[in-house]
Number of protein chains: 2
Amino acid sequence: MLTYSFSDIGSDSLYEYLYKCIKNDILDGVLTPGNRLPSKRSFAKHLNISIITIENAYAQLLAEGYIYSIPKKGYYIADISTSLTKSSLPFVTSPEPEQKEISYFADFTSSQTHPDTFPFSLWAKLIREVISNDSSALMKNSPSGGIFPLRQAIANHLKQFRGMSVFPEQIIVGAGTEYLYGLLIQLLGYEKIYAVEDPGYQKISAIYKSNHVQCYHIPMDQQGICIEQLKEVQADIIHISPSHHFPTGIITPISRRYELLGWASDSNSRYIIEDDYDCEFRFMGKPIPSLQSIDVMEKVIYMNTFTKTLASTIRISYMILPKHLMKQFYQTMGFYSCTVSNFEQYTLTRFLQDGHFERHINRMRNFYHRQRDLLLDCLKNSPLSSRITIKEEDAGLHFLLYVDTLFPDEVILKRAKVEGLRLSSLSQYYFKDCSPKEHTFVMNYSAIHPDHMKEAIDRLCKIF
Amino acid sequence: MLTYSFSDIGSDSLYEYLYKCIKNDILDGVLTPGNRLPSKRSFAKHLNISIITIENAYAQLLAEGYIYSIPKKGYYIADISTSLTKSSLPFVTSPEPEQKEISYFADFTSSQTHPDTFPFSLWAKLIREVISNDSSALMKNSPSGGIFPLRQAIANHLKQFRGMSVFPEQIIVGAGTEYLYGLLIQLLGYEKIYAVEDPGYQKISAIYKSNHVQCYHIPMDQQGICIEQLKEVQADIIHISPSHHFPTGIITPISRRYELLGWASDSNSRYIIEDDYDCEFRFMGKPIPSLQSIDVMEKVIYMNTFTKTLASTIRISYMILPKHLMKQFYQTMGFYSCTVSNFEQYTLTRFLQDGHFERHINRMRNFYHRQRDLLLDCLKNSPLSSRITIKEEDAGLHFLLYVDTLFPDEVILKRAKVEGLRLSSLSQYYFKDCSPKEHTFVMNYSAIHPDHMKEAIDRLCKIF
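Residues numbered from 1 in each chain as written. Chains lettered and ligands numbered in written order. Predicted model: local features only at pLDDT ≥ 70, side-chain atom pairs only at ≥ 80, totals over all residues. Heavy atoms only, no water.

Peer 1: Break down the pairing of strand 10 (residues 300–305) of chain A for me, with residues and values.
Peer 2: Regular strands place side chains that alternate from one sheet face to the opposite one. Residue and element names in this part refer to chain A. Most of strand 10 is tucked away, with six of its six residues classed as buried. Where burial is concerned, the two faces of strand 10 agree: the one with V300, Y302 and N304 and the one with I301, M303 and T305 are both buried. Alignment of strand 9 (residues 271–275) against strand 10, held across four bridges, turns out to be parallel. Across the sheet, D275 pairs through a bridge with M303, a residue of strand 10. (Buried < 20%, exposed > 50% of the residue type's maximum accessible area, 1.4 Å probe, protein only. Helix = DSSP H or I, 4+ residues; strand = E, 2+ residues; numbered from the N terminus. Pairing = 2+ DSSP bridges.)

Peer 1: If you had to explain a nonpolar patch on the surface to someone new, which residues and values would you point to?
Peer 2: All names here are of chain A. On the surface, L62, Y68 and I70 cluster together into a nonpolar patch covering about 220 Å² of accessible area. Assignment of secondary structure puts Y68 in strand 1 (residues 67–70). We classify Y68 as partly exposed; its relative accessible area is 36%. (Patch = residues over 30% accessible without salt bridge, like charges linked within 9 Å, V, L, I, M, F, W, Y side chains within 5 Å. Areas by Shrake-Rupley, 256 points an atom, 1.4 Å probe, with all protein chains shown as cover. Salt bridge = Lys/Arg side-chain N within 4 Å of Asp/Glu carboxyl O.)

Peer 1: Please set out the sheet that holds strand 12 (residues 388–391) of chain A residue by residue, giving values where relevant.
Peer 2: Residues and elements named next belong to chain A. One open sheet holds the three strands; their spatial order is 12-13-15, and the pairing between them is antiparallel. Looking at which strands have only one partner, the edges of the open sheet turn out to be strand 12 and strand 15 (440–444). Along the sheet, successive strands turn relative to each other by an average axial angle of 30 degrees, direction set aside. Sheet topology note: the strand 12/strand 13 (residues 398–403) ladder contains four bridges and is antiparallel. When the bridges of strand 13 are listed, I388 appears paired with V403. (Axes fitted to C-alpha atoms, helices over the stretch in contact; angles between N-to-C directions.)

Peer 1: A description of the nonpolar core should follow, citing residues and the corresponding values.
Peer 2: In this structure, W123 of chain A together with W123 of chain B are the most contacted members of the largest nonpolar core, which totals 82 residues. For W123 of chain A, the residues in contact, after removing those within four places along its chain, are F118, L310, I314, T347, L348 and F351 of chain A together with I131 and F343 of chain B. Among the nonpolar cores identified, the runner-up in size contains 60 residues, and Y190 of chain A together with Y181, L184 and Y330 of chain B belong to it. (Core = buried A, V, L, I, M, F, W, Y, C linked by side-chain atoms within 4.5 Å. Contact = heavy atoms within 4.5 Å.)

Peer 1: Describe the packing of aromatic side chains, and please don't skip the residues or the numbers.
Peer 2: Applying the stated rule across the entire model yields 50 aromatic pairs over all chains. For the ring pair F281 of chain A and Y368 of chain A, a centre distance of 5.1 Å and an interplane angle of 85 degrees mean the geometry is edge-to-face. Residue F281 of chain A is located in the loop between strand 9 and strand 10, and its partner Y368 of chain A is located in helix 14 (residues 356–380); the two are separated by 87 residues in the primary sequence. Between the aromatic rings of F306 of chain B and F357 of chain B, the centroid separation amounts to 5.3 Å while the plane-to-plane angle is 70 degrees, which identifies the pairing as edge-to-face. With F306 of chain B in helix 11 (residues 306–309) and F357 of chain B in helix 14 (residues 356–380), this pair connects stretches of sequence that are 51 residues apart. Here the two residues F306 of chain B and F357 of chain B agree in accessibility, since each one is buried. Clustering of aromatic rings is evident, with ring pairs tying together F118, F120, W123, Y302, F306, Y318, F351 and F357 of chain A together with F343 of chain B. One Lys or Arg, R415 of chain A, reaches over the ring of F407 of chain A and ends 4.2 Å from the middle of that ring. (Phe/Tyr/Trp six-rings, centres within 6.5 Å; stacked < 30°, edge-to-face > 60°. Lys NZ or Arg CZ within 6 Å of the ring centre and 35° of its normal.)

Peer 1: Could you give an account of the pattern of salt bridges, with specific residues and numbers?
Peer 2: Residue and element names in this part refer to chain A. Taken as a whole and assessed by the stated rule, the structure comprises 34 salt bridges over all chains. With a closest N to O distance of 3.7 Å, D134 and R350 form a salt bridge. Here the residue D134 occupies a position in the loop between helix 4 (120–133) and helix 5 (135–138), and R350 occupies one in helix 13 (residues 342–353), the gap between them amounting to 216 residues. With a closest N to O distance of 3.6 Å, E419 and K462 form a salt bridge.

Peer 1: Explain the interface of chain A and chain B to me, and be specific about the residues and the numbers.
Peer 2: Put simply, an interface is often sized by how much accessible area is lost when its parts join up. Taken together, the contacts link 103 residues of chain A with 104 residues of chain B. Of the roughly 9000 Å² buried where chain A meets chain B, counting both sides, 62% is carbon and sulfur surface. Summed over the shared surface of chain A and chain B, the result is two salt bridges. Inspection of the region where chain A meets chain B yields 30 residue pairs in polar contact (both at pLDDT 80 or more). It is helix 4 of chain A that contributes the most residues to the side of chain A that touches chain B, six residues altogether. Grouping the amino acids of the side of chain A that touches chain B by side-chain chemistry returns 50 nonpolar, 32 polar and 21 charged. (Buried area = accessible area lost by both parts, 1.4 Å probe. Polar contact = N/O pair within 3.5 Å; in protein donor to acceptor, adjacent residues only side chain to side chain. Nonpolar A, V, L, I, M, F, W, Y, C, P; charged D, E, K, R; others polar.)

Peer 1: With reference to specific residues and values, describe the side chain of Q60 of chain A.
Peer 2: Within the secondary structure layout, Q60 of chain A lies in helix 3 (residues 51–64). Taking the relative accessible area as the measure of exposure, Q60 of chain A reaches 2% and is therefore buried. Among residues more than four places away in sequence, those in contact with Q60 of chain A are Y15 and Y19 of chain A together with R282, G285, K286, P287 and I288 of chain B.

Peer 1: Help me get a handle on the relation of the copies chain A and chain B, residues and values and all.
Peer 2: Least-squares fitting of chain A to chain B yields an RMSD of 0.1 Å, with the superposition described by an axial translation of 0.0 Å and a rotation of 180 degrees. Look at the turn and shift together and you get a two-fold axis relating the two. In this assembly, 100% of the residues forming the interface of chain A have copies in chain B that are likewise at the interface, indicating an isologous arrangement. (Least-squares fit on C-alpha atoms with pLDDT ≥ 70 in both.)

Peer 1: Please give an account of helix 13 (residues 342–353) of chain B that cites residues and values.
Peer 2: All names here are of chain B. Under the 1.5 Å per step criterion, the end-to-end length of helix 13 is 16 Å for 12 residues, consistent within 8% with the ideal 16 Å. Most of helix 13 is tucked away, with 11 of its 12 residues classed as buried. Taken residue by residue, helix 13 has N342, F343, E344, Q345, Y346, T347, L348, T349, R350, F351 and L352 as its buried positions. Just downstream of helix 13 lies G355, where phi reads positive at about 80 degrees. (Expected span 1.5 Å × (residues − 1).)

The following block contains the structure:
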């Protein structure tokens, strides 16, 4: 009869150990298909352990299919025809690590939130309140578009802050705009032709490509995206930031906006995705009204995110669907779960409802204003001052810095890296011809520590 | 000269009000393209307001493109050729509400977490700790696959709990498995042929369809998915739950597992997505080992989720990529931001590291065990007891209830609804022929309040 020693049992229970012994003998071919295992009673007696232990081990082997049972006859070894060798480790060498992040003295490309500017204690207090007051709501599955109170609070905010009138039902909340783009492609169609701005944020076209849809880069003039070129490539969906284009800062004027709406209204398949990612941070005057607010033909899908205003590591964004697309969304995609956890949805709801968000935005706008002024000051008082031109400094978290130099951008970027500075050039945001755009740098000042600013500009001067 | 009255100014500032007045006159055609606006100085004098106010109003109109300036000459009305009418409201009727959820006395289809079982105060304590100790880490953008400590903690858990050896780098964290399926399609390819189990969870094939990939339903026999049929449809990717199929409860035996691995190894384009959604809740014996743990050919993509074990409203899932797919992911899709907020990633990390998760799983397993026993007890002591057969009650959060009846499933489900019970029938999970599967109901007992159980079964008896 089968015999196993229980001397090396380690931390396993008796039945687990016995199960492993038999399993290994089956995998190693020691026990062959069709052979009968000892009866529970005799096996227990033979090994001097309880019948229960044998029963448990057989039950596990049975569940996993290593053995089968024939009623009133007993347990038999199953046929596991396999040429694959058993291994508990899929591989033993360590995989190559992900690309390690280099640490910079000053990163002028990052829009990461500065830890000093996030209202941690307030946020912690709101979470605590949510957990103690809303615990049963917290466990109730959110509708696909997000919990209703959050969408109501967003609608109220948009009404007050952006003069936009939308119904909470039109608002779809998701874990970041990147995720929402994916949903939109599913909603609008994979066969459609998409178009993005050139220059533009590279990630947007990367997402369209990763989703396997046709995506064109359309050049911009001083007023925004060129409509003639849109028509040429027969685009259906355009993805634009008319209120503050990144990185050029262009504000699409009202005339071009109406032209764009006119273009969209010419065909049922056409839509405009309005990415309003940083409307909150205009330093002078009122925020530029959204394209969505003058759209009477249900052609504009509005997107915005709390990752820019609150923290880049809190993943909450939303889109506003025109009424007919909203209906289509609920019908065809309402089965999707909302990707934002209830805990954060309810916390953000309170943050909005209690007026904290508005105060936070104002604080952040002042913070970024100071950051900009500090950076401008450092530049003006630097040896570079006579060779630079600043453009588009009225809004957002960056401006354009033109430097009169003969060095190609590539060289500048490499030298900057050596100095611990991370820079990006305007030319990097162009997909097609960009030669006339050399020597202009996109200076994102949001993540630079104020104490580092002067030293960062000293280092910048060294480069040129 | 233009004249506006400031008597109805409301809550607007002077410049905002003036800006709106001029804008409306431009949109209404009162001010026509090419006309010159009054000079700032004379306009200010005329309206008896400060020049600054005029300047601010003009600046806003200029930024939005309603007017343009000619240096040393002045400001002119821009040409806004539009046939669209202005409207501040995209539409005035309220949109139809989303489908309202009906409230049931007992919902046997829900796997929503019961508020009593979630460790709220512990979770709140951990969030508080994370906020006070890790605030700067909280603001640092997470790598695409999730923060490293969480992936390390998951790898440790899998090692201890599932006997799986994986590197943290292979683990990709995302906001729910639904989201991860979408990423996987981008990684594996839109041109591939996908296959899911029939019967099966309808959402999975809905997701594949929404992502516009070809997806077949493959019948199952007593051992799991039928390989012959897989070959017939030339499937590349199969999506299965070999350790506990929903809703049949079938455990794919080791022989079929090796056959499946053999099938996958026959072609470079073939992969198996192993959805291990409820491996933690086996009541008797050890958890069934994962298919991933015997895969030596890098053919299995393992998926699991904390939404089943922790709370359905906390959206954290993960997938484990084979080494070569992991590399491909970082190269082609590493630009994606992680969809789970840092706050929840760090909180879950502590929950895992400190052993809370294991204790929580044990508590939940006991809770579900009691729920199952209570439901079985109620059924046995009911007038229905002689007409029912229970199947697959050893694991997970549901079992199958066969009732000897002549009523079609449809009738039963409707009657149940009238009684405040939400039921689902096994036949509803079949995509193709399901006639022989009538009269079997999928009884998910996880969300039923224990105090409602007896009454729920009394009502169930009334139906038959």
